[in-house]
Amino acid sequence: MNRSTLLRAAVAAASVSLLAACGGNADADGEEKKPSAAGSAPSGADAFTVTHVGGPTAVLEIAGQRILIDPTFDAPKKYKSGMSKIKGPAFGPEKLGRIDAVLLSHDQHDDNLDGKGRELLKDMPVVFSTPGAHKRLGDHITPMKSWEERELKSSGGTLKVTAVPALHGPDGVDRGADGEVTGFVLSGKGVPTTYISGDNASVKVAKQVGDRIKKDIGAIDTAILFAGAARTPAILDNAPLTLTSKNAALVAKDLNPRKVVPIHTDSWDIYSEDIKSLVKAFKDQGVDDKLVDLEPAGEKKNLS
């Protein structure tokens, strides 16, 4: 029995059932932890931290859960799709430590799920993503339609995961299966409500999500925004496929979260705007005080 098989067996034995018979999560208590790129931020059920790995990839600690967002761990390379990864991750999968669930915005594009990221998914207790990802990747993906909910339970409490709409291109455009993408909202009793935009380019869609979340759950505490204004000449005449810096700032102004975590601005050649552009746009809109400084990559940042 190899190491991956042993890991899966150990996680399965310690797991707690998900709502609607989804996969489970191990309790943190008593589990041996792998080395991690964490700093001195708190850990355990009270931790609310983020560690940026690179591009759209981050580890979020919330409500006793360790959540991995859009895993990309390849070294720099060029892909068959034509895009290139120009900077490697802050650390590799071997330093992730325990992961309770993966939130995968979509699987179609290398900058959101690369080769090593795909390999990693097979060892994860649960992966939430789109119905299309389930069809393409297999039964280890839990498909979620917009506004569908699941629950992750641990000794730290219950974390509700809600899939929310995202538009992978300008308003009014339907890119079909290639553009299918989801965002997520994390919430629960005593949990800071957290919006994860995924590869959404639309201020209008983000506002609709924000309005419904505020009505059904409450104020959004933290927004993790995929920015970078991803572009490629082959799609929609080089139109932005993710939030531009200005639009990310407008989303932050409208949703009015306590903090904004900016990701998806580095490591790939299709991102046309960087973190400097984002900071300027947030200053222009008067919301730069909300931005979380993620530098240096790989360092755990306290969001509490």
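Here's a quick rundown of the structure.

Rules behind the numbers
- Residues numbered from 1 in each chain as written.
- Predicted model: local features only at pLDDT ≥ 70, side-chain atom pairs only at ≥ 80, totals over all residues.
- Heavy atoms only, no water.
- Salt bridge = Lys/Arg side-chain N within 4 Å of Asp/Glu carboxyl O.
- Helix = DSSP H or I, 4+ residues; strand = E, 2+ residues; numbered from the N terminus.
- Buried < 20%, exposed > 50% of the residue type's maximum accessible area, 1.4 Å probe, protein only.
- Contact = heavy atoms within 4.5 Å.
- Polar contact = N/O pair within 3.5 Å; in protein donor to acceptor, adjacent residues only side chain to side chain.
- Pairing = 2+ DSSP bridges.
- Expected span 1.5 Å × (residues − 1).
- Arc of directions from axis to C-beta.
- Phe/Tyr/Trp six-rings, centres within 6.5 Å; stacked < 30°, edge-to-face > 60°.
- Lys NZ or Arg CZ within 6 Å of the ring centre and 35° of its normal.
- Axes fitted to C-alpha atoms, helices over the stretch in contact; angles between N-to-C directions.
- Core = buried A, V, L, I, M, F, W, Y, C linked by side-chain atoms within 4.5 Å.

**Remarks on the pattern of salt bridges**
Turning to step 1, where the next piece is worked out: Summed over all chains, the structure comprises 14 salt bridges.
Turning to step 2, where the next piece is worked out: For the salt bridge of Arg136 with Glu180, the shortest nitrogen-to-oxygen distance reads 3.8 Å. Remark: Glu180 occurs in the loop between strand E12 (157-165) and strand E13 (182-187) and Arg136 occurs in helix H3 (residues 131-137); sequence separation between them is 44 residues.
Turning to step 3, where the next piece is worked out: Given the relative accessible area of 40%, Arg136 is considered partly exposed.
Turning to step 4, where the next piece is worked out: Here the salt bridges do not stand alone but share partners, grouping Glu61, Arg66 and Lys300 into one network.

**Quick look at the environment of Ala58**
Turning to step 1, where the next piece is worked out: Structurally, Ala58 is set in strand E4 (residues 57-62).
Turning to step 2, where the next piece is worked out: With a relative accessible area of 1%, Ala58 lands in the buried category.
Turning to step 3, where the next piece is worked out: Linking Ala58 and His264, residues 206 residues apart in sequence, is a C-alpha distance of 9.8 Å.
Turning to step 4, where the next piece is worked out: Other than its neighbours up to four places away in sequence, Ala58 contacts Val50, Thr51, His52, Val53, Ile67, Leu68 and Ile69.

**Considerations on the side chain of Arg150**
Turning to step 1, where the next piece is worked out: Within the fold, Arg150 resides in strand E11 (residues 149-154).
Turning to step 2, where the next piece is worked out: What makes Arg150 buried here is its relative accessible area of 11%.
Turning to step 3, where the next piece is worked out: A polar atom in the side chain of Arg150 sits 2.8 Å from the side chain of Glu148.

**What to know about the pairing of E12**
Turning to step 1, where the next piece is worked out: Pairing of E11 with E12, which is carried by six bridges, proceeds in the antiparallel orientation. In the strand pairing of E12, Leu152 is matched with Leu159.
Turning to step 2, where the next piece is worked out: Hairpin remark: E11 followed by E12, antiparallel, with two residues in the connecting loop.

**Structural notes on helix H4 (residues 203-216)**
Turning to step 1, where the next piece is worked out: With 14 residues, H4 should reach 20 Å at 1.5 Å per residue; the first-to-last C-alpha distance of 20 Å fits that figure.
Turning to step 2, where the next piece is worked out: Looking at H4, one finds that the buried residues are Val205, Ala206, Val209, Gly210 and Ile213. Projection of H4 onto a plane perpendicular to its axis shows the buried side chains occupying an angular sector of 135°, all on one side. Opposite the buried face of H4, at more than 90 degrees from it, the exposed residues are Lys204 and Lys215.
Turning to step 3, where the next piece is worked out: Where H4 begins, the side chain of Ser202 points an oxygen toward the backbone nitrogen of Lys204, at a separation of 3.2 Å.

**Things to note about the side chain of Ser154**
Turning to step 1, where the next piece is worked out: Its place among the elements puts Ser154 in strand E11.
Turning to step 2, where the next piece is worked out: On the basis of relative accessible area, Ser154 is assigned to the buried category, the value being 14%.
Turning to step 3, where the next piece is worked out: A polar contact of 3.5 Å, which involves the side chain of Ser154, links it to the side chain of Gln65.

**Some words on the packing of aromatic side chains**
Turning to step 1, where the next piece is worked out: A full pass over the atoms with the stated rule returns one aromatic pair.
Turning to step 2, where the next piece is worked out: Seen from the ring of Trp147, Arg212 lies directly overhead, with NZ or CZ sitting 3.9 Å from the centre.

**Considering helix H5 (residues 245-255)**
Turning to step 1, where the next piece is worked out: If you check which residues of H5 are buried, you get Ser245, Ala248, Ala249, Val251, Ala252 and Leu255. Down the axis of H5, the buried set is contained in an arc of 155°. They therefore lie on one face.
Turning to step 2, where the next piece is worked out: Buried positions along H5 lie against strand E14 (194-196), H4, strand E15 (222-226), strand E16 (259-263) and helix H6 (275-284).
Turning to step 3, where the next piece is worked out: Looking one or two residues beyond H5, the residue adopting positive phi is Asn256, at roughly 55°.

**A look at the sheet that holds E16**
Turning to step 1, where the next piece is worked out: Taken in spatial order, the six strands line up as E11-E12-E13-E14-E15-E16 in an open sheet, and their pairing is mixed. Among the strands making up the open sheet, the edge pair consists of E11 and E16. Mean inter-strand twist for the sheet, computed between neighbouring axes without regard to direction, equals 20°.
Turning to step 2, where the next piece is worked out: When E15 meets E16, the two strands line up parallel, connected through five bridges. Its bridge partner being in E16, Thr222 is matched across the sheet by Lys259.
Turning to step 3, where the next piece is worked out: H4 contacts E12, E13 and E14 of the sheet and is inclined by roughly 145° relative to E12.

**Description of the nonpolar core**
Turning to step 1, where the next piece is worked out: Grouped together as the largest cluster of nonpolar side chains are 28 residues, with contacts concentrated most on Leu60, Ile62 and Phe128.
Turning to step 2, where the next piece is worked out: Elements represented by at least two residues in this core include exactly E4, strand E5 (65-69), strand E8 (101-103), E12, E13, E15 and E16.
Turning to step 3, where the next piece is worked out: Apart from residues lying up to four places away in sequence, Leu60 is in contact with Phe48, Thr49, Val50, Gln65, Arg66, Ile67, Leu186, Thr194, Ile224 and Leu303.
Turning to step 4, where the next piece is worked out: Residues Leu167, Leu243, Val260 and Phe282 belong to the second largest nonpolar core, which totals 24 residues.

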